[in-house]
Amino acid sequence: MEDGVEAAPFPPGDYDVVVVGSGPGGLQVSHSLSRRGVDHAVISQDDAPGGMFRRFPIFERLISWTRPDAPFERGTREYEWYDHNSLIGENGARALVPEFMDRTFDVPSRAEMEAALIAFTERAGVRVRYGVRWTGTRRDAERFVLETTDGEYRCRFAVFAVGVTEAWPAPIEGAELANHYVKTRSVASYQGKRVVIIGKRNSGFEIANGLLPWAKELVLVSPRPVKIDVLPQSPLRLRYLQPYEEFVRGGAGTYVVDASIVGVQRASGALRVVADGTTWPGRLEFEADDVILATGFRAPLLDLRELGVATVLNDRVPALTPYFESISTPGLFFAGNVTQGSKGPRKHGASPNSTSVNGFRYNARVAADHIADRLGLERSRPELERSELVPFLLAEFCRAPELWIQKNFLARVVTVRDGDLRDEGIVPLEHFLDAGGEDAVAAAIEMDPEAEIHPTLYVRRSGRIAEHELPPHPVHAFDGPEYRRELETILKSVG
Amino acid sequence: MPEPDIVDKLSRLALFAELPRTQIESIAHRFDEALFAEGERVLRTGLTGGALYVIVEGEAVIRIEGTERARFGPGEFFGEIGVLIDEVPNADVEAATILRCLAIPGADVKPFLISFPAVMYRMLQTEARRLRVTTEWKTA
């Protein structure tokens, strides 16, 4: 063993769990499984850790922040809320991204992120068998068999952390004349070109932003208008601001157009994109030297659909339970960006932060704990005194990073049985609301349609759920006397 | 493509029958598709923050106090009452099969209906039919 990287652990064979992938999702789930003592193998087609961050974003800068200095010490649970990019390991394997940041920006570069992920595997002791490609999947009685280039792995549960970076084949006529985002060339090759980018989400604006100093004309086109009212509050603003500002201020040569694509055609030595307006009537045609499809990505699910895995978001990702298991093929779990396939209660249409490391690192821990429970491993459920309950919940409302990052999605749950109070840890809120069970309370942080943040307590009594949404506070100081009083009133008859 | 595109699926529903494809495409891009496992809860009695759901595939069952009161299938919708009058649902809605819906969050319903009057008219027709059935049932 040298530099923390073992030559080739996990030969083909039989394991309780097999994890596929060595990006942040795979690394976090493996570490969390190890913490619970779950026998598992990790395999990866890459030859080093990092997953998508070995290649993407193309323009080298992330959009999620890490604050190297914060009111809480690096390495504490509270600090995680200030660091949206590090994985959560034990002891020396926490808060690693700020160690590698040069502080040019408060968002790390791709290379800084990759370095932190490599350091995580070394310091957390996550072992991976690299250079093994998963090639197929089948069932064998109660087990799954993962066929790989090294041989067969049998397991009771598989966890796929394979990213969402495969080009999504947009049903556009003439799409073959365009290149997808994943095939974007070096920026210099677009110098002086007319470029049409189909797609106005994150990847479309990322490319537009990167090409602004190079291309002579840029058009972004897709059916959906940019939600300018929510943009200033979105981490995506970093990518959107520059191209969008040029367009709305009437800058020549940069256009952001709401239109549905009729097709991409050849046109005398160039390409032509034909589009029909969605927010305006009529048709436009754009001549272009290059057309880039920023139509999104999908998870490389290989043959999992044939095994019954149902998909969502226009076939991009598997539909997942609150514990990140396929809703249609039990035993197959997912980690990483693909956990966006688990939607949570969707209160006010809220989506969790499952497409970025800050959110899916917690999803991975929740999934690992659940797998360990299903394997019958003992879980620690610390006891709480009745007098500790209100201060405990108030502290969670104020500082729990899982609740603040995964709003209306993850909750802190305390169960109550004959006066015996137990901290059940972080639990998917949807599971708490729907699964029934003993009397319990769940603390969550939620955002209303006006973007006000509310601490919310759900109380389950005799199987019925009551919702108590507490008022917002200008600096989110949810442990003040008024919140204490309100919780005490709500919880009077609990325990 | 192993499955028809979501735009194709939406264009087959009566609710969107009068919309040109470009508008259906913009709806599909603007709102998320949601997939529920059989038995999974979609709307919960007494809880705030609901949405209007349009069923694309599958069946939903409406229960009050655990008793089945109605079933809805493709092209039908639910959740609109709570959203329109800003009250919490008085029923649970569960997926009776694997259920694929278009989910329009509560705060987006008014701008959505105003942008697409043809959809609003179709919804009103459905509401009128539902009201008539309820009235007949009450007076029977």
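Every chain begins its residue count from 1, and numbering advances along the sequence as written. Here every chain gets a letter starting at A, and every ligand a number starting at 1, in the order they are written. Where totals are concerned, whole chains, interfaces and linings use all residues; where local detail is concerned, this predicted model gives features only for residues with pLDDT of at least 70, and gives and counts side-chain atom pairs only at 80 or more.

Q: What is the right way to read the overall build of chain B from this model?
A: Strands here mean DSSP runs of E at least two residues long; helices mean DSSP runs of H or I at least four residues long; both are numbered from the N terminus. Each helix and strand counted, chain B has five helices and eight strands in total. In this treatment the radius of gyration is a C-alpha quantity, and the globule benchmark scales as 2.2 Å times the residue count to the 0.38 power. Its C-alpha atoms give chain B a radius of gyration of 15 Å, near enough to 14 Å, the size a compact globule of 140 residues would have. Overall, the C-alpha framework of chain B stretches about 45 × 30 × 30 Å when taken along its three principal axes. Neighbour counting defines burial: a residue surrounded by 20 or more other C-beta atoms within 10 Å of its own C-beta is buried, one with 12 or fewer is exposed, and intermediate counts give partly exposed, using backbone-placed C-beta atoms. Counting the 140 residues in chain B, one finds 38% classified as buried.

Q: What's the story with the overall build of chain A in this structure? I'm lost.
A: The number of helices and strands found in chain A is 10 helices and 23 strands. On C-alpha atoms alone, chain A measures out to a radius of gyration of 24 Å, which is about the 23 Å that the 2.2 N^0.38 rule sets for 495 residues. Counting only C-alpha atoms, chain A reaches 80 × 55 × 45 Å along its principal axes. Across the 495 residues in chain A, those meeting the buried criterion constitute 47%. By definition, residue pairs are in contact when their C-beta atoms, positioned from the backbone, come within 7 Å. A separation threshold of at least 6 residues defines the contact pool for chain A, and within that pool the share at least 24 residues apart is 61%.

Q: Looking at this structure, how should I read helix α2 (residues 21-30) of chain B?
A: Owing to its 3.6 residues per turn, the α-helix brings residues three or four apart onto one side. Here α2(B) lies mainly inside the structure; eight of its 10 residues are buried. Along α2(B), the residues that are buried comprise B:T22, B:Q23, B:I24, B:E25, B:S26, B:I27, B:A28 and B:H29. For α2(B), the elements touching its buried residues are β9 (217-222), β10 (254-267) and β11 (270-277) of chain A together with α1 (6-11) of chain B.

Q: Can you help me understand the pairing of strand β22 (residues 453-461) of chain A in this one?
A: Put simply, side chains in a regular strand alternate between the two faces of the sheet. All names here are of chain A. As judged from the eight bridges shared by strand β21 (residues 440-447) and β22, these two strands associate in the antiparallel manner. Considered in β22, the bridge of V441 is made with V459. By this definition, two strands are paired if DSSP reports at least two bridges between them. In textbook terms, the turn of a hairpin is the stretch between consecutive antiparallel strands, and for β21 and β22 this stretch comprises five residues, one of which, A451, has a positive phi near 65°. Bridge count for β22 against strand β23 (residues 464-469) is six bridges, and the pairing is antiparallel. Within β23, the residue paired with R460 across the bridge is I465.

Q: What should I look at first to understand the domain arrangement of chain A in this one?
A: Size of an interface, as often reported, equals the accessible area lost when the parts are brought together. All names here are of chain A. In terms of domains, chain A is made up of domain 1 (14-165 + 298-374), domain 2 (175-295) and domain 3 (383-490). The C-alpha-based centres of domain 1 and domain 2 are spaced at 31 Å. Of the residues lining the interface, six residues belong to domain 1; the matching set on domain 2 comes to nine residues. Side-chain classes are defined by residue name, with Ala, Val, Leu, Ile, Met, Phe, Trp, Tyr, Cys and Pro counting as nonpolar, Asp, Glu, Lys and Arg as charged, and the others, Gly among them, as polar. Split by residue class, the side of domain 1 that touches domain 2 holds four nonpolar, two polar and no charged. As annotated, the domain borders come from an automatic or database domain assignment.

Q: Would you take a moment to explain the interface of chain A and chain B for this structure?
A: Taken residue by residue, the interface counts 29 residues in chain A and 28 residues in chain B. Breaking the side of chain A that touches chain B down by element, the ones donating at least two residues are α9 (429-434) and β23 of chain A. Here the side of chain A that touches chain B takes three residues from β23(A), the largest share from any one element. Broken down by class, the residue content of the side of chain A that touches chain B amounts to 11 nonpolar, eight polar and 10 charged.

Q: Looking at this model, I keep getting lost on the environment of A:I207. Mind explaining?
A: Residues and elements named next belong to chain A. Assignment of secondary structure puts I207 in helix α4 (residues 202-211). Classification of I207 by C-beta neighbours within 10 Å gives buried; the count is 27. Residues I207 and I197, 10 residues apart in the sequence, show an inter-C-alpha distance of 8.1 Å. Those residues in contact with I207 that lie beyond four places of it in its chain are Y181, T184, I197, I292 and A294.

Q: Please explain the nonpolar core as it appears in this structure.
A: Burial of nonpolar side chains together is a common tendency in soluble globular proteins. All names here are of chain A. Ranked by internal contacts, the top residues of the largest apolar core, which has 137 residues, are V18, V159 and A442. Residue contributions to this core peak at nine residues, all from helix α6 (residues 357-374). Looking at which domains feed residues into this core, each of domain 1 (14-165 + 298-374) and domain 3 (383-490) supplies at least three. Setting aside residues no more than four positions away along its own chain, V159 makes contact with V17, V19, V29, F333, F334 and A335. Nonpolar core, as used here: buried Ala, Val, Leu, Ile, Met, Phe, Trp, Tyr and Cys residues forming one set through C-beta atoms within 7 Å. Core analysis: the next-biggest nonpolar cluster, separate from the first, contains 32 residues, Y240, Y244, A275 and I292 among them.

Q: How do you make sense of the confidence of the model for chain B when you look at a structure like this?
A: Interpretation of this model should avoid reading the predicted coordinates in detail wherever pLDDT is low. Scored from 0 to 100, pLDDT reflects the predictor's confidence in each residue. In this model, chain B carries an average pLDDT of 91, and 96% of its residues clear a pLDDT of 70 or more. Both scores are given for the predicted complex: the pTM is 0.92, the ipTM 0.90.

Q: What's the story with the pairing of strand β8 (residues 194-198) of chain A in this structure? I'm lost.
A: Residue and element names in this part refer to chain A. In terms of burial, β8 is a largely internal element, four of the five residues being buried. Pairing between β8 and β9: five bridges, direction parallel. Following the sheet pairing, I197 is matched in β9 by L220. Here a crossover is taken to be right-handed if, once the strands point away from the viewer, the path from the first strand over the helix to the second is traced clockwise. After leaving β8, the chain enters α4 and then returns to the sheet as β9, a path that is right-handed. Where β8 lies against strand β13 (residues 290-293), four bridges are found, and the strand directions are parallel. In the strand pairing of β13, V196 is matched with V291.

Q: I would appreciate a short explanation of the sheet that holds strand β1 (residues 32-36) of chain B in the present structure.
A: Within a sheet, each strand pairs with its neighbour through backbone hydrogen bonds, oriented either parallel or antiparallel. Residue and element names in this part refer to chain B. As summarised here, the arrangement of the four strands in space is β1-β8-β3-β6, forming an open sheet in which the pairing is antiparallel. Looking at which strands have only one partner, the edges of the open sheet turn out to be β1 and β6 (77-78). Bridging between strand β3 (residues 51-57) and β6 involves two bridges; their strand directions are antiparallel. For V54, the partnering residue across the bridge sits in β6 and is F77. The angle between two axes is taken between their N-to-C directions and runs from 0 to 180 degrees, where each axis is a line fitted to C-alpha atoms and a helix contributes only its stretch in contact. On top of the sheet, helix α4 (residues 106-115) reaches β3 and β8 (99-105); it is set at about 85° to β8, its chief contact.

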